[in-house]
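Listed below, chain by chain, are the residues.
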Amino acid sequence: MTPARVVIADCDTGRRTALREVVQRFDARAIIDEATSGQALCDILLRHRPTLAFVGLQLEDLSGPEAVAVARRAGAEPPCLVLVATRVLAHWQDIATSLGAYEVLKTPLDPSHIEQLLHADARRRAPTRALLACSTPAGRSAISRVVARSGFAIELDETDDGRHALKQLKLASYDFAFIDVKLAGIDGLELACQIQPLGLGTRITLLTTAELEPVAQAGRYFGVDAVLRMPFYARDIDLALHNALGLRRPYLLNALTAPPAPSALLRIADLPNSRRKIA
């Protein structure tokens, strides 16, 4: 993989230094540009096309978000944008969403949080192959839309048939798969059961309209990683996608500005250890 190209835009010298040191520890080959003004940030975004941008709230001439908006109108689109703020207020959610930000870092900076974002950026740039086996066109459309705009380099194969999905899993090397429990030909649980002895590295997320825990309790014996309830919101799919890629999805904005939303995703690792009867 090519080295990351990172821009750090902030008026505070200490924050720039702290971010640069964490980036360099994570990837000694990373190419790092720094900026203290909105004009300099725009120039870097347009000229160098960084893969990751850490952008502070206030720069010398413009606010960080204003500078990013100007650069976007000129044709620059940071693949992974991280806003840096001393406080996270309610309007930040709207700002971050409008700019397509991946996360907001709250100061004082947490090195482990920064490292998680660097890991996510590296994973976003790595080629990934996935299988979507879903019985409904609406389900396939919803998931494929989220995958397409996720920022990850994902090649997504689709099918509505269990036997075809089984054939694909045997022939191709998939990083993860979303599999509908109600597939035609072979249902999702039977498919998971049949591929388990193959020792594939594919992380399986089952899709279901039923209660999550009974399906998860059954799926735990077939190597299933998680269960996602349908119908779902884009947030649920995004959460399932990050789980399938082994990443923590940053929801700092939601956590600090709104009551926690119930999740439609149940990870097998989060099930109680005690064995329960499957309904």
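Keep in mind it's a predicted model, so treat the numbers as computed, not measured.

Caption draft 1: Spotlight on the packing of helix 6 (residues 137–148) against helix 10 (residues 234–244). Running from N to C, helix 6 and helix 10 point in directions that differ by 65°, and their axes come no closer than 10 Å. Considering how the two elements wind past one another, helix 6 and helix 10 form a crossing that is right-handed. Between helix 6 and helix 10, the contacting residues are Ala142, Ile143 and Val146 on the first element and Ala234, Ile237 and Asp238 on the second. Class assignment for the residues of the contact of helix 6 with helix 10 results in 5 nonpolar, no polar and 1 charged.

Caption draft 2: Just the sheet that holds strand 11 (residues 265–267), in detail. In spatial order, the strands read 7-6-8-9-10-11; together these 6 strands make up an open sheet with mixed pairing. What marks the edges here is a single partner per strand, and that holds for strand 7 (154–159) and strand 11. The average angle at which neighbouring strand axes cross in this sheet is 20°, direction not considered.

Caption draft 3: Examining the UniProt feature "modified residue: 4-aspartylphosphate" (unreviewed entry) in the chain more closely. UniProt records the feature "modified residue: 4-aspartylphosphate" (unreviewed entry) at Asp180, using the numbering of this structure. Along the chain, the position of Asp180 falls in strand 8 (residues 176–180). Apart from residues no more than four positions distant in its own chain, Asp180 is found in contact with Ala133, Cys134, Ser135, Asp187, Gly188, Leu207 and Met230.

Caption draft 4: Representation of the environment of Arg203 in the model. Checked against the element boundaries, Arg203 lands in strand 9 (residues 203–208). Its relative accessible area of 29% is what places Arg203 among the partly exposed residues. Separated by 73 residues in the primary sequence, Arg203 and Ala130 place their C-alpha atoms 9.5 Å from one another. Apart from the residues within four sequence positions on either side, Arg203 is in contact with Asp175, Phe176, Ala177, Asp225, Asn243, Ala244, Leu245 and Gly246. There is a polar contact of 3.1 Å between the side chain of Arg203 and the side chain of Asp225.

Reading the values: the criteria
- Residues numbered from 1 in each chain as written.
- Predicted model: local features only at pLDDT ≥ 70, side-chain atom pairs only at ≥ 80, totals over all residues.
- Heavy atoms only, no water.
- Axes fitted to C-alpha atoms, helices over the stretch in contact; angles between N-to-C directions.
- Helix = DSSP H or I, 4+ residues; strand = E, 2+ residues; numbered from the N terminus.
- Left-handed = near helix turned anticlockwise from the far one by under 90°.
- Contact = heavy atoms within 4.5 Å.
- Nonpolar A, V, L, I, M, F, W, Y, C, P; charged D, E, K, R; others polar.
- Pairing = 2+ DSSP bridges.
- UniProt positions renumbered as here; feature names shortened; annotations may be inferred.
- Buried < 20%, exposed > 50% of the residue type's maximum accessible area, 1.4 Å probe, protein only.
- Polar contact = N/O pair within 3.5 Å; in protein donor to acceptor, adjacent residues only side chain to side chain.

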